[in-house]
Amino acid sequence: MTGDVPAPGRPDDAGTPGRAQRWLVAGALVLLLVPGLIGIEMWPLTAWKLFSFARTDRQTTWEVEAVDAGGRPRPVSLDGLPLGYQLAGWHLAQLPGAEYLRRDEVCRTLLEAVAAEHPGVTNLNLTRNDRQLVPHGDDWAVNSVREVLHSCRAEPA
Amino acid sequence: MQGGAGVNRLGQKLDEALWGPETAVRLVFVQTGLALLIGIRVAFGPYHKLAGTPAALFDPVPILAFLGGMPGEGVIVALQVTGSLAAAAAVWRRYPRVSFGLAWFCYLVLAGLFSSRGKVMHNDLLLLWTAVPFLLAPVVVARGDTEPRREYGWPVRSSAVIAALIYGLAGYHKLGRSGLDWAFGDNLRYVLLWGPAYGPVRWGEAARWVAERWWAFKGASAFSLLFELTFPVVVFWRRLQPLYAVIALVLHGATWVFLGLDYWAWAATALLVFVDWPVVIASLTGPPSASAGRGA
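Now for a description of the structure that goes with this document. Only a predicted model underlies this, so the values are computations on that prediction, with no experimental measurement involved.

A word on the sheet that holds strand E2 (residues 73-76) of chain A. Residues and elements named next belong to chain A. In space, the 4 strands of this open sheet follow the order E2-E1-E3-E4, with antiparallel pairing throughout. A single partner strand is all that each edge strand has here, and the edge strands are E2 and strand E4 (139-153). Neighbour-to-neighbour, the strand axes of this sheet turn through a mean angle of 40°, independent of strand direction. With 11 bridges connecting them, strand E1 (residues 58-68) and strand E3 (residues 121-136) associate as antiparallel partners.

With that settled, the discussion passes to the pattern of salt bridges. When the charged atoms of two side chains with opposite charge come close together, those side chains can pair. All names here are of chain B. Scanning the entire structure with this criterion turns up 17 salt bridges over all chains. As a salt-bridge pair, Asp 276 and Arg 26 come within 3.8 Å of each other at their nearest N and O atoms. Taken as a pair, Asp 276 in the loop between helix H12 (264-274) and helix H13 (277-285) and Arg 26 in helix H2 (residues 24-44) lie far apart in primary sequence, 250 residues in all. Neither residue differs from the other here; Asp 276 and Arg 26 are each classed as buried. Across the pair Asp 124 and Arg 41 runs a salt bridge whose closest N-O atoms are separated by 2.9 Å. With Asp 124 in the loop between helix H4 (96-114) and helix H5 (125-130) and Arg 41 in helix H2, the pair connects residues that are 83 residues apart, well separated along the chain. With relative accessibility at 6%, the residue Asp 124 sits in the buried group.

Ranked by internal contacts, the top residues of the largest apolar core, which has 97 residues, are Trp48(A), Ile38(B), Phe100(B) and Phe274(B). Per-element tally for this core: the top contributor is helix H6 (residues 150-178) of chain B, with 13 residues. Both domains that meet at this core, namely domain 1 (15-53) and domain 2 (58-153) of chain A, each give it at least three residues. When residues no more than four places from it in sequence are discounted, the contact partners of Phe100(B) are Gln31(B), Leu34(B), Ala35(B), Ile38(B), Ala90(B), Ala131(B), Phe134(B) and Leu135(B). In this structure, Ala66(A), Val106(A), Cys107(A) and Leu124(A) belong to the second largest nonpolar core, which totals 21 residues.

Criteria and cut-off values
Residues numbered from 1 in each chain as written. Chains lettered and ligands numbered in written order. Predicted model: local features only at pLDDT ≥ 70, side-chain atom pairs only at ≥ 80, totals over all residues. Heavy atoms only, no water. Pairing = 2+ DSSP bridges. Helix = DSSP H or I, 4+ residues; strand = E, 2+ residues; numbered from the N terminus. Axes fitted to C-alpha atoms, helices over the stretch in contact; angles between N-to-C directions. Salt bridge = Lys/Arg side-chain N within 4 Å of Asp/Glu carboxyl O. Buried < 20%, exposed > 50% of the residue type's maximum accessible area, 1.4 Å probe, protein only. Core = buried A, V, L, I, M, F, W, Y, C linked by side-chain atoms within 4.5 Å. Domains from an automatic or database assignment. Contact = heavy atoms within 4.5 Å.

As structure tokens, this is what we get:
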């Protein structure tokens, strides 16, 4: 079951990798293991924390609500926006600790994209959604508590 | 004395794991396969659609921190075309070191741009990392030479070590951040029930079926964690490599079906690096080659 160990003098002892090759592999292993073990995120150096947090029945998501002229808010799926906007939820999660100008910059950026997809939108809400999965008969339901973090209004044409 | 002998044995095993012999045909097969995978990712990835990313949502990864914003579509398409042509040249072994290196570099930049939207993306990283040793792989390869040699083996072997460590690190952080609760708690149940938050679920009924049976979700999560944590053992017990590659294929397939997460590049990379395809093909199509019967 162990790896094949060639006897000394066998032909496969010849042609061992040179210094550059050994340095390349050693460097790659150091760059892989140090961030990986310590937990540094400097893409492509990463900690490989894929799905490492155990999930529970509670989940916080950051969402966008489009508000029409009648004042009715409705959730907007970021997946329906162009590719450059689809991970905006991760930016929204950083906004509670950000300054007003940063919040407004993100809000207006998203409003522009949402208004292009959904004409008639007058305002945009950036919301925090604390959700909980609860049994509901034979099914599951999601209880949501939404809190608006920031709102911005479309500039009149 | 015994301790010294143990250290020597470990050193010898590590030496074999990283620099051990493989056949020329396996070296060419793996490098060609990696070039093909890189070419597919570069050519067909949705990178050109990143061009409209607004400045407020552009968060460059450290290696692209010099960029003031997302490059325009022309630049991204030029990278895709260049990377695709370079990958094609590497597949046909035209200037293999230069073409493979250029394809890898274009892929690194494109995947970096894809990850410059506020979230660390891992989808391309296994392929990028396992390709690193091949940047300096031998250029002149006698494909008719059926004798396993170290000069042909080290890129394949060290690439396998890198891939095994990546899986091991993924398990290490699950254990470190969540403990055994990741495997034996209700974690996977809620991952599956929350599923739609992660992507378009392919088979929601199956996800729900697993989520509502404790033995299924706990068994699956315990198996998954055990798989990742023990993956590095294939560095020394190479006969296990094809088995782990097949399990990786199943697990990545399951995350696609149940969660909508597309990790096909990981599954393909694992199959490519951990299975000795020339031996498999030879055993299916004709008399075994000289390297048949060796550990995979």
